[in-house]
Amino acid sequence: MNQQPIDEYTQGDYEISTDKHKLDLDVIHSYLTRSYWSPGIPKDQVAKAIEHSLCFGLHYIPTNTAHSQVGFARAVTDYTTFAYLADVFVLPSFQGRGLGKWMMECVVNSPTIDGIRTFLLLTRDAHGLYAQSGFIQLPNPDLIMGKHNEVSWYNPELVAWPPNEN
């Protein structure tokens, strides 16, 4: 498989990068395991999903300190015709600063997936955020089908909202 180019964007004390080496698996797993869409997901499953996706890490990079991951999004894609957006989050203490909107702008304008014809996502509560990036309710939802499989790790009792940042 060809190595995809790395996209990087900076805005003030923040950076968004598709460099998977900059991702903090502990931060991502900690958030996702308590999210409404993947409660209880094992860390190895998160790592596997990252390995097979185009990932966008949002990092706080103030002067003279280490990078700290504060947000994440990933696109499951063939890099040509289709992408599915998943696992989008900004840690609660960094919300309200426009970072989610900026991250979505970076995702939908990424030159790595430029020209994608169909970009889908599922959301329960962030329709307004995604609408700002051009996502709409599909005009013909009856054309879309899905298959849901039960998995042993899915545990809705673990959902903590908002998730802790540790």
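Each remark here, short or long, concerns the structure printed above.
Residues numbered from 1 in each chain as written. Predicted model: local features only at pLDDT ≥ 70, side-chain atom pairs only at ≥ 80, totals over all residues. Heavy atoms only, no water.

### Details of the overall build of the chain
A tally of helices and strands in the chain yields 4 helices and 6 strands. Taken from N to C terminus, the helices and strands of the chain fall in the order β-β-α-α-β-β-β-α-β-α. Relative to the compact-globule value of 15 Å for 166 residues, the chain shows a C-alpha radius of gyration of 16 Å, a close match. On the principal axes, the C-alpha backbone points of the chain span a range of 50 × 40 × 35 Å. In the chain, buried positions account for 40% of the 166 residues. Sequence-distant contacts, at least 24 apart, represent 62% of the contacts inside the chain between residues at least 6 apart. A total accessible area of about 10,000 Å² is found for the chain, and carbon and sulfur atoms account for 51% of it. In the chain, which carries 11 positive and 18 negative side-chain charges, the distance between the mean positions of the two groups comes to 3 Å. (Helix = DSSP H or I, 4+ residues; strand = E, 2+ residues; numbered from the N terminus. Rg over C-alpha atoms; globule rule 2.2 N^0.38 Å. Buried < 20%, exposed > 50% of the residue type's maximum accessible area, 1.4 Å probe, protein only. Contact = heavy atoms within 4.5 Å. Areas by Shrake-Rupley, 256 points an atom, 1.4 Å probe, with all protein chains shown as cover. Lys, Arg positive; Asp, Glu negative; His and termini not counted. Charge placed at Lys NZ, Arg CZ, Asp CG, Glu CD.)

### Focus: the sheet that holds strand E1 (residues 8-11)
In spatial order, the strands read E1-E2-E3-E4-E5-E6; together these 6 strands make up an open sheet with mixed pairing. Of all strands in the sheet, those with a lone pairing partner are E1 and strand E6 (118-121), marking the two edges. The mean angle between the axes of side-by-side strands here comes to 20 degrees, regardless of whether they run parallel or antiparallel. As defined by bridge partners, strand E2 (residues 14-17) adjoins strand E3 (residues 54-60) across 4 bridges and the pair is classed as antiparallel. By the bridge assignment, tyrosine 14 is partnered in E3 with tyrosine 60. Relative to strand E5 (residues 82-90), helix H1 (residues 25-32) is tilted by about 90 degrees, and along the sheet it contacts strand E4 (68-77) and E5. Contacts between helix H3 (residues 99-108) and the sheet are confined to E1, E2, E3, E4, E5 and E6, with E5 contributing the most and set at about 160 degrees to the helix. (Pairing = 2+ DSSP bridges. Axes fitted to C-alpha atoms, helices over the stretch in contact; angles between N-to-C directions.)

### Things to note about H3
Most of H3 is tucked away: 7 of the 10 residues are buried. Of all the positions in H3, only Leu99, Gly100, Trp102, Met103, Met104, Cys106 and Val107 are classed as buried.

### Observations regarding a nonpolar patch on the surface
A cluster of nonpolar side chains, contributed by Leu138, Leu143 and Ile144, occupies part of the molecular surface with about 290 Å² of accessible area. Examined against the element boundaries, isoleucine 144 turns out to sit in the segment after helix H4 (127-131). Note on isoleucine 144: relative accessible area 43%, which makes it partly exposed. (Patch = residues over 30% accessible without salt bridge, like charges linked within 9 Å, V, L, I, M, F, W, Y side chains within 5 Å. Salt bridge = Lys/Arg side-chain N within 4 Å of Asp/Glu carboxyl O.)

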